[in-house]
Amino acid sequence: MIRLRRLLGPEKAPVPKPDLALVLSGGGARTAYQIGVLMAVAEMLPRDAPSPFTVVTGSSAGAINAVSMAAGAPNFRGAVVRLANFWRNLETARVYRSDFRRIYGKGLHWLTALGLGGLGPRNPRSLLDITPLEDFLRQNLHLERLQQNIEAGVLRGLAITASSYASGRSVSFYQAHDEVRPWERALRLGEPTQLKLDHVMASVAIPLLFPAVQIGREYFGDGSMRETAPFSPAIHLGARRVLAIGTRPDCGDDKPVEAHGQDRPVDPEYPSLGTIGGFMLETLFLDSFDADAERISRINQTLENVRGRGRKHPVGQDKRPLHPVDVEIMMPSCDLLELAQRYSYRFPWPVRHLMRGLGAFGQGNALPSYLLFDGEYCKALLEMGHRDGRDNQETLKRLLFE
């Protein structure tokens, strides 16, 4: 069992700077990794310290972590411990119904609809029934605490991103300090609201697997689908420094493919449905952290050049001066596909039987790594995140305190 180790006593602990944001991407079960990194952050703070992140944003499964951290802002370590216990004790049945009747009943429903050319209002809406997740979050997210934390000054704002099936836009629903203004850019906007469970369920609604959620007059799905600028909501909420935690492994394999492709892997087998499904999820959760960070770096350099010439900072579309933003990105250091295959036997047998039939357990298949909502697998992800956070301790300290 991982225990938080106290590195700095309250009398010596530096005070984190304000305007620091925590940005959490999607990734299904992989998002347990994010809490492992936050465990390492908690070790740098006094035991009862409030959250150093005054701005929190999340999309897809990262939205669940984001809401929990924002609601628990008065006691950062306590919020991290609660989330770590949640992931450590997670069972598939707490996320979606995994008994034989539900799994194969849903499959039969889809086959019937396809075979008959549709069932009208009785058409299936998703492959999985996530009523257990909705019930659990309703009891444990404590969304009512968000406004209290904003008024107390320990939270500036929380944003949850979802994708509109009607307009095709990425919508960041946010609850924040009164001075935060709505924003609108190409295919993305920020909409002020009192955040509710529907916003969270919309953000986690993986296409086909989980049902879309109606908010107002639109249906919304997974927030990762159209999220081209993942740091934008945090910056609009006032962040000048960002810690982003993703779920895409960074194993240091950046070698270019040799000319004519002779070193490219060869697979003579036609891809299975499980392989294609895993590839689709990899594409869905292929966060834009690096691209957005590169864009921010260019803007920072431009602002530095302008300041070096003694000129005022240019203003953005909202008529406010632009300012530099410091971004640090944390990614898993090891291959999550191999890790998930190691724990694949822990899928409930109806799910395991179905995924085996789809060919989801082949080498390099990503599907299990997203859908294995199991405590043992998540515990391994927590440990990986904790280890990565401690390995990058100096970077985290610089971001928090310097």
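1. Overview of the pairing of strand β1 (residues 20–24)
Counting buried positions over the 5 residues of β1 gives 5, a clear majority of the element. Because side chains alternate across β1, one face comprises the buried residues Leu20, Leu22 and Leu24, and the other comprises Ala21 and Val23, equally buried. Across 5 bridges, β1 lies against strand β9 (residues 241–245) in parallel orientation. Within the sheet, the bridge partner assigned to Ala21 lies in β9 and is Val242. Handedness of the crossover joining β1 and strand β2 (residues 55–59) through helix α1 (residues 32–42) is recorded here as right-handed.

2. Structural notes on the packing of aromatic side chains
Each aromatic ring pair is specified by the distance between its two centres and by the angle formed by the two planes. Counted under the stated rule, the structure contains 8 aromatic pairs. Ring centres of Phe53 and Phe76 lie 5.9 Å apart, and the angle between their planes is 50°; this geometry places the pair in the tilted category. Of this pair, Phe53 sits in the loop between α1 and β2 while Phe76 sits in helix α3 (residues 76–88), and the two are 23 residues apart along the sequence. Here the two residues Phe53 and Phe76 agree in accessibility, since each one is buried. Taken together, a centroid distance of 5.3 Å and an interplanar angle of 75° make the contact between Phe173 and Phe220 edge-to-face. Of the two residues, Phe173 is situated in strand β4 (residues 170–176) and Phe220 in strand β8 (residues 218–221); the sequence distance between them amounts to 47 residues. Phe173 sits in the buried class, given a relative accessible area of 1%. By relative accessible area, Phe220 is classed as buried at 2%. Its guanidinium or amino end placed over the ring of Tyr370, Arg30 lies 4.1 Å from that ring's centre, counting from NZ or CZ.

3. Here we look at the environment of Met280
Mapped onto the fold, Met280 is located in helix α9 (residues 273–284). Residue classification places Met280 among the exposed positions, given a relative accessible area of 52%. Considered as a pair, Met280 and Leu367 are 87 residues apart in the sequence and their alpha carbons are 8.9 Å apart.

4. Regarding unusual backbone geometry
Excluding glycine, most residues fall at negative phi; most peptide bonds, likewise, are trans. The phi dihedral of Ser60 is positive, around 55°, even though this residue is not glycine. Locating Ser60 in the fold gives a position in the loop between β2 and α2 (61–71). Note on Ser60: relative accessible area 1%, which makes it buried.

The rules behind each value
- Residues numbered from 1 in each chain as written.
- Predicted model: local features only at pLDDT ≥ 70, side-chain atom pairs only at ≥ 80, totals over all residues.
- Heavy atoms only, no water.
- Buried < 20%, exposed > 50% of the residue type's maximum accessible area, 1.4 Å probe, protein only.
- Helix = DSSP H or I, 4+ residues; strand = E, 2+ residues; numbered from the N terminus.
- Pairing = 2+ DSSP bridges.
- Right-handed = clockwise from strand over helix to strand, strands pointing away.
- Phe/Tyr/Trp six-rings, centres within 6.5 Å; stacked < 30°, edge-to-face > 60°.
- Lys NZ or Arg CZ within 6 Å of the ring centre and 35° of its normal.

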